[in-house]
Amino acid sequence: MANGSIPSTLPTVQPYQLERRGVLLRPDLSNPYEQGGVLNPAAVLHDGVTFLLYRAVATVPPNYSRILIATCSFGPQGELQAKKLNKVALEPQASYELLADGQGGGVEDPRITLLDGVYYMTYTAYGTLNGVATPRIAIAKSHDLFAWERLGLPHFQVDAKGDPHLSGNDLNRMPNKDAILFPERIGGRYCMMHRPMFPHSSGLPQSIWISWSEDLLYWVDHELVLAPALPWESLKVGGGTPPIRTTEGWLTYYHGVEGSADDDPDRRYHAGALLLALDDPTRVLYRSPLPVLSPESADETTGVVSNVVFPTGIVQQPDGRLDVYYGMADQAIGLATSYLPRADNQRDKG
C-alpha cells in the first residue's frame, strides 16, 4: 500500500500540467435551478458529442442541487461552445437525497464511468442520517445519459481486521464524498475511490481511499491510498476525475486543500496529478510535487466559495489531448487541457 509517500525521484519537468482554455458555463440567473451557481460536472464523450452533467444549485431551498445536462464543443476557430439542454438528469427524490424537514437536500458533484457498456454515475447524496444533514455516496446507472436508475447507497463492509484506521469507524455511518469508479474491473473486481470524512476525534485527515466490489453495491477491503503530505494539500485531499488508463498507470486529477480548517476563509483548493499502478491502484507511482492548476483567474478566486479549482470531469480525445472540466469558485465551470505522453496518443500517426 502507498499511503501518500512522495517518490524519491521526480521529473525535472512536471508532467500533466493543465492549461486553461476558458470559462465554459456560468449560471443563468433567470433559471431558479441555477441561481446558486453551476459547478463540478461529469464529462462523457457519447456518440461523438461531449456531454456535461453538471451540478446546478438553487437558492430556494438553500443549497438545493440538481444535476442538469449540457453539451460542449470547440468552434472552427478553437473557441469554446456550450449548450445547456434544459434537461434534468437527476434531482433529489430518494430519502437519502432529502433532508428530514422536507426543506432541502441535493444530488451533487457527479462523476460518470462507462463500465461493461453501461454508464454509472457516482454522486454525493445530501440527506439526513441519524437526524443530521449528511453527504453520502450514491450510485445510479444509465444507457443514454438522460434516463437514470438509482442503485442506492453502497454498503461498506465493517471489518476491524482491515486497515487499522477503520477500527471503531463504520464507513456506513459517516459523511463520504468524491466517489469515482475505475473504468474496468481490476483482478475481476470493481474498484472505487472515495473520501470518507472521519470524526475529528480520530485524528485522520480527509484522504483518498479505495474499496472493492463484486456487484457495485457491497464494498470490501477498504484501504488508505493518499493522505495529505505536501504544503498545497496540507488540510485534505480528495478524488477528482475518473481514472484514464495510460502506459504509465491510471492517471487521475485530484484536489488538495491548503488551510488551517474547513472554515478558514483563506483556504485554497488546488488540482494535482496522480498515477496509480494498473494492476494495483492502491500503489501510488507518482503524485505531482506542485499543483498542476491553482486558483488564479477572477472566476477562480472570487465566488460562492472563493479560491477553488475542483476537477471532476475528463475526456480523452483521439489525439491524446485531455479535456479536464472543473468547478471555479463553486459558481462556474471551466476547461483546462493537457496531453498524454506520446506513447499514449496519436499525434505522431498518419
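The model shown is predicted, which means the values in this text are computed figures rather than measured ones. (Residues numbered from 1 in each chain as written. Predicted model: local features only at pLDDT ≥ 70, side-chain atom pairs only at ≥ 80, totals over all residues. Heavy atoms only, no water.)

1. Considering the pairing of strand β14 (residues 218-226)
Pairing geometry for strand β10 (residues 155-156) and β14, over two bridges, is parallel. Looking across to β14, one finds that F156 is bridged to W219. Note: strand β13 (residues 208-213) against β14, five bridges, orientation antiparallel. Bridging across to β14, I210 finds its partner in E223. Here β13 folds back onto β14 in antiparallel fashion, the turn holding four residues, of which L216 has a positive phi close to 75°. (Pairing = 2+ DSSP bridges. Helix = DSSP H or I, 4+ residues; strand = E, 2+ residues; numbered from the N terminus.)

2. Considerations on the pattern of salt bridges
Pairing between side chains of opposite charge can happen when their charged atoms approach one another. Counted by the stated rule, this structure contains 18 salt bridges. Here R20 ties to E296 by a salt bridge, and the two come within 3.6 Å at their closest N and O atoms. On the criterion of sequence distance, the pair formed by R20 in strand β1 (residues 19-25) and E296 in the loop between β19 (284-287) and α1 (298-301) is long-range, its members being 276 residues apart. For R20, a relative accessible area of 31% translates into the label partly exposed. A relative accessible area of 58% places E296 in the exposed class. E184 serves as the salt-bridge partner of R245, at 2.8 Å between the closest nitrogen and oxygen. With R245 in strand β16 (residues 244-245) and E184 in the loop between β11 (176-181) and β12 (190-196), this residue pair connects regions lying 61 residues apart in the sequence. (Salt bridge = Lys/Arg side-chain N within 4 Å of Asp/Glu carboxyl O. Buried < 20%, exposed > 50% of the residue type's maximum accessible area, 1.4 Å probe, protein only.)

3. A few points about the environment of Y16
Inspection of the secondary structure assignment puts Y16 in the segment before β1. Given a relative accessible area of 5%, Y16 falls into the buried group. Along the sequence, Y16 and V292 sit 276 residues apart, while their C-alpha atoms lie 7.0 Å from each other. Y16 has contacts with E248, L251, Y253, A273, L275, Y286, V292, S338, Y339 and P341, leaving out every residue within four places of it along the chain. (Contact = heavy atoms within 4.5 Å.)

4. Describing the environment of L204
Considering the arrangement of structural elements, one finds L204 in the loop between β12 and β13. In this structure the C-alpha to C-alpha distance between L204 and Q316, which are 112 residues apart in sequence, comes to 34 Å. When neighbours within four sequence positions are excluded, L204 is seen to be in contact with H165 and F198.

5. Observations regarding the sheet that holds strand β20 (residues 309-316)
Pairing is antiparallel across the open sheet formed by four strands, whose spatial order is β1-β22-β21-β20. Looking at which strands have only one partner, the edges of the open sheet turn out to be β1 and β20. For this sheet, the mean inter-axis angle between neighbouring strands, taken without regard to orientation, is 30°. Across eight bridges, the pairing between strand β21 (residues 321-328) and strand β22 (residues 332-339) is antiparallel. When the sheet's bridge partners are listed, M328 is paired in β22 with A332. (Axes fitted to C-alpha atoms, helices over the stretch in contact; angles between N-to-C directions.)

6. A short note on the sheet that holds β12
In space, the five strands of this open sheet follow the order β10-β14-β13-β12-β11, with mixed pairing throughout. One side of each edge strand has no neighbouring strand; the edge strands of this open sheet are β10 and β11. Note: β12 against β13, five bridges, orientation antiparallel. Bridging from a neighbouring strand, M192 pairs with S211 of β13.

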